Structure formats: C-alpha cells, structure tokens
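# Remarks on the overall topology
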Amino acid sequence: MQWMAWTAPTAIFFAVIAGLLVLFTVLAILFPETPRRGILRIETTRGDRLFITLLGSAYINAAWLALSGLPQWWALGLCALYAAAVFRWV
C-alpha cells in the first residue's frame, strides 16, 4: 500500500473506528434498544449518537486546526466532552 502514507497514528485511528463499529454492533445484538428522543427532538439509537459524535468531532478537530495554535490534544479532550454530552442528552 505504497500509495497511501500509513503511519501508526493513522492505523490507530482507523482501528479505533472499526473497533467502535464492532462494539456497537455487538451491543445492538446483545442489548437491543428502542430509539429515544433527546434535545434534538429526533429519535436516535446508540449508532445514531455515535455517528453524530464522529461527525461533530471531525468538525471540532478541523476548526481547532484552522483557528487554534494549541496542541491537538486539547481538541481531543473537547471531543470527549462533546461525545459525553451527545450520548447523555441527544
């Protein structure tokens, strides 16, 4: 795979995403849930909230890179807070 620069952080990122998808699939099989309504007033499941979290985290990281000179680790912390809020209230 010479056409793409696979580095350790890139591989870890994709492995974590794949692991989350597998984990959420197993959770959906073992513990089925009914959709719930949160502050967005739309019905969401665990998978929907994961998608909203990943999408929002991508925007947070892109904005962080564009607007801040601080280390990216701070954006990761902000994304963790965002994820907790999404899974709690959305």
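Since we're looking at a predicted model, the values are computed, not measured. (Residues numbered from 1 in each chain as written. Predicted model: local features only at pLDDT ≥ 70, side-chain atom pairs only at ≥ 80, totals over all residues. Heavy atoms only, no water.)

### Notes on a nonpolar patch on the surface
We apply this condition: Each patch groups residues whose relative accessible area exceeds 30% and which form no salt bridge, using 9 Å between like charges and 5 Å between nonpolar side chains of Val, Leu, Ile, Met, Phe, Trp and Tyr. Computed with the Shrake-Rupley method and a 1.4 Å probe, the accessible areas treat only the protein chains shown as cover for residues. For this document, the term salt bridge refers to a Lys or Arg side-chain nitrogen within 4 Å of an Asp or Glu carboxyl oxygen. Only runs of H or I of at least four residues qualify as helices and only runs of E of at least two qualify as strands under DSSP, and these elements are numbered from the N terminus. Only protein chains enter the accessibility calculation, which uses a 1.4 Å probe; a residue whose area is less than 20% of its type maximum is buried, one above 50% is exposed, and one in between is partly exposed.
A cluster of nonpolar side chains, contributed by Val22, Val26, Ile29, Leu30 and Phe31, occupies part of the molecular surface with about 520 Å² of accessible area. Topologically, Val22 is positioned in helix α1 (residues 8-30). We classify Val22 as exposed; its relative accessible area is 53%.

### Side note on the packing of aromatic side chains
The condition is simple: Only centres within 6.5 Å qualify two rings of Phe, Tyr or Trp (six-membered ring in Trp) as a pair; their planes then separate them into stacked at under 30 degrees, edge-to-face at over 60, and tilted for everything else.
The final tally for this structure, using the stated rule, is three aromatic pairs. Aromatic side chains Phe13 and Phe14 sit 5.2 Å apart centroid to centroid with 80° between the ring planes, which places their arrangement in the edge-to-face category. Phe14 gets classed as partly exposed once you look at its relative accessible area, which sits at 40%. Taken together, the aromatic side chains of Trp6, Phe13 and Phe14 make up a single cluster linked through ring pairs.

### Points about helix α3 (residues 72-89)
Keep this limit in mind: To estimate how far a helix should reach, multiply one less than its number of residues by 1.5 Å. Our arc is simply the arc of the directions from the helix axis toward the C-beta atoms. Only heavy atoms enter the contact rule, under which two residues are in contact if any of them lie within 4.5 Å.
A rise of 1.5 Å per residue sets the reference length of α3, with its 18 residues, at 26 Å; its end C-alpha atoms lie 26 Å apart and thus fit the reference within 8%. For α3, every residue scored as buried is listed here: Ala75, Cys79, Ala83 and Val86. Angular distribution of buried residues about the axis of α3 spans 85°; they occupy a single face of the element. Exposed residues on α3 whose side chains face more than 90 degrees from its buried face are Trp73, Trp74, Leu81, Arg88 and Trp89. Residues of α3 that are buried in the fold lie against β1 (36-37) and α2 (46-67).

### Looking at unusual backbone geometry
Among all residues save glycine, negative phi is the norm, and among peptide bonds the norm is trans. If you check the backbone angles, Arg41 has positive phi at about 60° while not being a glycine. Within the secondary structure layout, Arg41 lies in the loop between β1 and β2 (43-44).

### So, the pattern of salt bridges
Evaluated as defined, the whole model comprises two salt bridges. Residue Glu33 is joined to Arg49 by a salt bridge in which the shortest nitrogen-to-oxygen separation is 3.6 Å. On the criterion of sequence distance, the pair formed by Glu33 in the loop between α1 and β1 and Arg49 in helix α2 is long-range, its members being 16 residues apart. Given the relative accessible area of 32%, Glu33 is considered partly exposed. With its nearest N and O atoms 4.0 Å apart, the salt bridge here joins Arg37 to Glu43.

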